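Structural overview
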Amino acid sequence: MMQLQLNARKFLFISAILLCLLPFISPPLALLLGLILAQLMEHPFAGLNHRATNWLLKFSVVGLGFGMNVVTALEAGREGILFTVVSIFVVLSAGFVLGKLFHTGPKTSFLIAAGTAICGGSAIAALSPVMKASEKEISVSLGIVFMLNAVALFLFPAVGRAMHLSQGQFGMWCAIAIHDTSSVVGAAGKYGEQALQIATTVKLARA
């Protein structure tokens, strides 16, 4: 019976992956599907999850590089580097102050601030072993950052259109304001090709 349930979970999981490869499934829809499945069943490939995520992220970043225009990338990088430096400094400082204000543990505060300022879950994963953070501190930090990413993926394109932002403005805003690279790509890609190129370049510089 247990084996049958495991096979059923594996079938649903693989079917969901294949469904997300279809052109009519947008990044927000893929994220929503993942959230629903996570609530309904256990991960059937939990042992492979971390390694697969690591390789998929690397493959995706390389793939994005192949699709970028060099001239646009250089211009966006030059314009975005100042915003990147300032935003990282401001967010890390704000995280320190807010952590003191709300009496949050120093490690949790710094992990959340670093995830917000730099590159979301990747920054938290890189810093947590150096800081010797506990499993609870890591889980809380990742949970907060991922929830904010999910909201941004759905909300940013709608807000950008309501404010009549240009492709360049939206791409820059995405790269500075959204934490994870995947969510930056998802939101910017939904807004337009130029927004995607600018957002990806500035985000990678920030990371």
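Residues numbered from 1 in each chain as written. Predicted model: local features only at pLDDT ≥ 70, side-chain atom pairs only at ≥ 80, totals over all residues. Heavy atoms only, no water.

This next bit is on the nonpolar core. If you look at the biggest cluster of nonpolar residues, it comprises 14 residues, and the most contacted ones within it are F156, F170, C174, I178 and A187. Counting residues per element, the ones that place at least two in this core are α7 (135-162), α8 (167-177), α9 (181-191) and α10 (193-206). When residues of this core are assigned to their parent elements, the largest contribution, four residues, is made by α9. Look past the residues within four positions of A187 in its chain and what remains in contact with it is L153, F156, P157, F170, C174 and I178. Counting five residues, the second-largest nonpolar core is a separate cluster that includes I124, M131, A133 and V145. (Core = buried A, V, L, I, M, F, W, Y, C linked by side-chain atoms within 4.5 Å. Buried < 20%, exposed > 50% of the residue type's maximum accessible area, 1.4 Å probe, protein only. Helix = DSSP H or I, 4+ residues; strand = E, 2+ residues; numbered from the N terminus. Contact = heavy atoms within 4.5 Å.)

Now for the packing of aromatic side chains. Describing an aromatic ring pair means giving the distance of the ring centres and the angle of the ring planes. Counting across every chain of the model gives three aromatic pairs. A centroid spacing of 4.0 Å and a plane angle of 15 degrees characterise the contact between F156 and W173, whose relative ring orientation is stacked. You can see F156 sitting in helix α7 and its partner W173 sitting in helix α8, a full 17 residues away along the chain. Judged by relative accessible area, which is 28%, W173 ranks as partly exposed. Here F170 and W173 contribute two aromatic rings whose centre-to-centre distance is 5.9 Å and whose plane-to-plane angle is 75 degrees, an arrangement assigned as edge-to-face. (Phe/Tyr/Trp six-rings, centres within 6.5 Å; stacked < 30°, edge-to-face > 60°.)

Closest axis-to-axis distance for the α8/α9 pair is 9 Å, and the angle between their directions is 170 degrees. By the angle between their axes, α8 is roughly antiparallel relative to α9. For the pair α8 and α9, the contacting residues are Q167, F170, C174 and A175 in the first and V184, A187, A188 and Y191 in the second. Looking at the contact of α8 with α9, its residues break down into seven nonpolar, one polar and no charged. (Axes fitted to C-alpha atoms, helices over the stretch in contact; angles between N-to-C directions. Parallel < 35°, antiparallel > 145°, perpendicular 65-115°, else oblique. Nonpolar A, V, L, I, M, F, W, Y, C, P; charged D, E, K, R; others polar.)

Moving on, we come to the packing of α9 against α10. Direction vectors running N to C along α9 and α10 enclose 160 degrees, while the axes themselves pass 8 Å from each other. On the basis of their axis angle, the class for α9 and α10 is roughly antiparallel. In this structure, α9 crosses over α10, and the sense of that crossing is right-handed. Taken together, the residues of α10 that come into contact with α9 (itself represented by T181, V184, V185, A188, G189 and Y191) are A195, L196, A199, T200 and K203. (Left-handed = near helix turned anticlockwise from the far one by under 90°.)

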